[in-house]
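Fold and contact review
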Amino acid sequence: MNPNYPELFKRFENNPILTASMWPYPVHTVFNPGATLLKDGSTLLLCRLEDRRGLSQLGIVRSMNGLDDWSIDPTPFMTAEPEIHPSECWGIEDPRITYISELARFLISYVSYGEIGTAVSLASTQNFENYTKLGMVLKPNDKDAALFPRKIQNKWLMLHRPTEKDSSNIWISNSEDLIHWGNRKLVFGARNGSWWDAEKIGIATPPVETKEGWLIIYHGVKKNASGYLYRIGLALLDLEYPEKCIKRCNDWIFAPETEYERFGDVNDVVFPCGLTVLADKDTVHLYYGCADTSIGVAIGSIQSMLNWLRNQ
């Protein structure tokens, strides 16, 4: 870390926290986990598990402190069901978890991947013992979707990243029933030229509600001579009109630096899908995929992120 820049996220000293070798059944790589806190204060991660075919399913791990001593469920939690959901014929990927207190349920947005491309699907669970799939809710080519934790203007809202005509930007859509989504609006787009987020952008973790607005962590991609480089940035959306971006960072805040982030199945990737806010309402655990191979966690502060973003 360059000492001339602020360190908003500090890597856990024992990263990577989860690797394929720890699993009780065969998986090739583990990465891009969704995250949530349970009623007992423990952390649950819903990890993307890729096998040697190249297809993914989702598996659960748990920890009391969200850092170590992980317990891995003996079988996958959610698998692709192409006979019921054809959009999943090539696997299910990149889950993001939002607890909806009004419904007393966890909603999982994930990528269903099949012959028609990548699409956004939803599933619902009360206890992570079983689930109900709501099916594909946003048609291809779309991904990187995350739900807001409450209704706004009496509608459910979701951020997502459709790709159209070589543009990949962050949009917001709304719904009355979580199944039918529409009224899509652009929130903000990838920049041009040599910016760190010039090639494409996408939501990273579900939005975090603060007094100043919805705090957004997003990934940005830059294409260079050696390929694609994934980094992380921040934005702030209006509380009641979240299609309005109040503030967006200029600098990135987190990037591939360590060997486990720089080298793997896909080099130079840090890709968060999960975040938990601890009991002090400020400390954040950010869970991210490392080079599409393993999982790391970094520790940050909501107030520090807001203070930094304010001065960007």
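Description of the structure in this document. (Residues numbered from 1 in each chain as written. Predicted model: local features only at pLDDT ≥ 70, side-chain atom pairs only at ≥ 80, totals over all residues. Heavy atoms only, no water.)

Describing the overall build of the protein
Check the secondary structure of the protein and you find two helices and 22 strands. Against the 2.2 N^0.38 benchmark of 20 Å for 312 residues, the protein shows a C-alpha radius of gyration of 18 Å, consistent with a compact globule. By its C-alpha atoms, the protein is 50 × 45 × 45 Å across when sized along the principal axes. Here the contacts in the protein between residues at least 6 apart in sequence split such that 50% fall between residues at least 24 apart. In the form shown here, the protein has an accessible surface area of approximately 13800 Å², with 47% of it arising from carbon and sulfur atoms. Between the centroid of the 31 positive side chains of the protein and the centroid of its 38 negative side chains there is a distance of 5 Å. (Helix = DSSP H or I, 4+ residues; strand = E, 2+ residues; numbered from the N terminus. Rg over C-alpha atoms; globule rule 2.2 N^0.38 Å. Contact = heavy atoms within 4.5 Å. Areas by Shrake-Rupley, 256 points an atom, 1.4 Å probe, with all protein chains shown as cover. Lys, Arg positive; Asp, Glu negative; His and termini not counted. Charge placed at Lys NZ, Arg CZ, Asp CG, Glu CD.)

Quick word on the pattern of salt bridges
Per the counting criterion, the structure on display carries 20 salt bridges. The shortest N-O distance in the salt bridge between Arg11 and Glu261 comes to 2.8 Å. One end of the pair, Arg11, is in strand E1 (residues 10-11); the other, Glu261, is in helix H1 (residues 259-262), with 250 residues separating them in the sequence. Summarising the burial analysis for this pair, Arg11 and Glu261 share the class buried. Linked by salt bridges that have partners in common, Arg48, Glu50, Glu93 and Asp94 make up one network. (Salt bridge = Lys/Arg side-chain N within 4 Å of Asp/Glu carboxyl O. Buried < 20%, exposed > 50% of the residue type's maximum accessible area, 1.4 Å probe, protein only.)

Quick look at the pairing of strand E21 (residues 283-290)
Most of E21 sits out of view: eight of its eight residues are buried. With seven bridges joining them, strand E20 (residues 270-277) and E21 adopt antiparallel strand pairing. Each residue of the ladder has a partner; that of Leu275, found in E21, is Leu286. With antiparallel pairing between neighbouring strands as the criterion, E20 and E21 make up a hairpin whose turn holds five residues, including Lys281 at a positive phi of roughly 65°. Direction of pairing for E21 relative to strand E22 (residues 294-301): antiparallel, over a ladder of eight bridges. (Pairing = 2+ DSSP bridges.)

Thoughts on the environment of Leu55
By secondary structure assignment, the location of Leu55 is in the loop between strand E3 (43-50) and strand E4 (56-63). Remark: the alpha-carbon pair of Leu55 and Asp144, spanning 89 residues in sequence, is separated by 18 Å. Those residues in contact with Leu55, other than ones at most four positions away along the chain, are Leu49, Glu50, Cys89, Trp90 and Gly91.

Brief notes about unusual backbone geometry
Between Asn15 and Pro16 the backbone carries a cis peptide bond, its omega angle lying at -10°. Mapped onto the elements, Pro16 comes out in the loop between E1 and strand E2 (29-37). The omega angle of the peptide bond from Pro140 to Asn141 is -10°, so this bond is cis rather than trans. Of note, Lys165 is a non-glycine position whose phi angle comes to about 50°, a positive value. Inspection of the secondary structure assignment puts Lys165 in the loop between strand E11 (156-164) and strand E12 (167-168).

Some details on the layout of surface pockets
Here the largest pocket is characterised by a volume of approximately 690 Å³. Along the walls of the largest pocket sit 20 residues, with Pro149, Pro207, Val208, Leu275 and Val277 positioned nearest its centre. Of all the secondary structure elements, the ones that give two or more residues to the lining of the largest pocket are E2, strand E6 (92-100), strand E16 (208-210) and E20. Residue composition of the lining of the largest pocket, grouped by class: 13 nonpolar, five polar and two charged. The space that makes up the second largest pocket amounts to roughly 600 Å³. Residue lining of the second largest pocket: 28 residues in total, with Lys143, Arg161, Lys200, Tyr230 and Asp292 positioned closest to the centre. (1 Å grid on protein atoms, 1.4 Å probe; cavity = no way out; pocket = protein on both sides within 12 Å on 5 of 7 lines; lining within 4 Å. Points joined across faces, edges and corners; volume = space filled by probe spheres on them. Nonpolar A, V, L, I, M, F, W, Y, C, P; charged D, E, K, R; others polar.)

Looking at the packing of aromatic side chains
Tallying each qualifying case throughout the model produces 12 aromatic pairs. Here the aromatic rings of Tyr99 and Phe106 are separated by 4.8 Å at their centres, their planes lie at 55°, and the arrangement is tilted. Judged by relative accessible area, which is 7%, Phe106 ranks as buried. Summarising the aromatic geometry, the rings of Phe254 and Tyr288 are spaced 5.2 Å apart at their centres and angled 80° between planes, so their arrangement reads as edge-to-face. Remark: Tyr288 occurs in strand E21 and Phe254 occurs in the loop between strand E19 (245-248) and H1; sequence separation between them is 34 residues. You can call Tyr288 buried: its relative accessible area is 0%. The structure contains a cluster of three or more aromatic residues connected by ring pairs, namely Phe77, Tyr99, Phe106, Phe128 and Tyr131. Here the basic side chain of Lys200 rests over the ring of Tyr228, its NZ or CZ set 5.4 Å away from the ring centre. (Phe/Tyr/Trp six-rings, centres within 6.5 Å; stacked < 30°, edge-to-face > 60°. Lys NZ or Arg CZ within 6 Å of the ring centre and 35° of its normal.)

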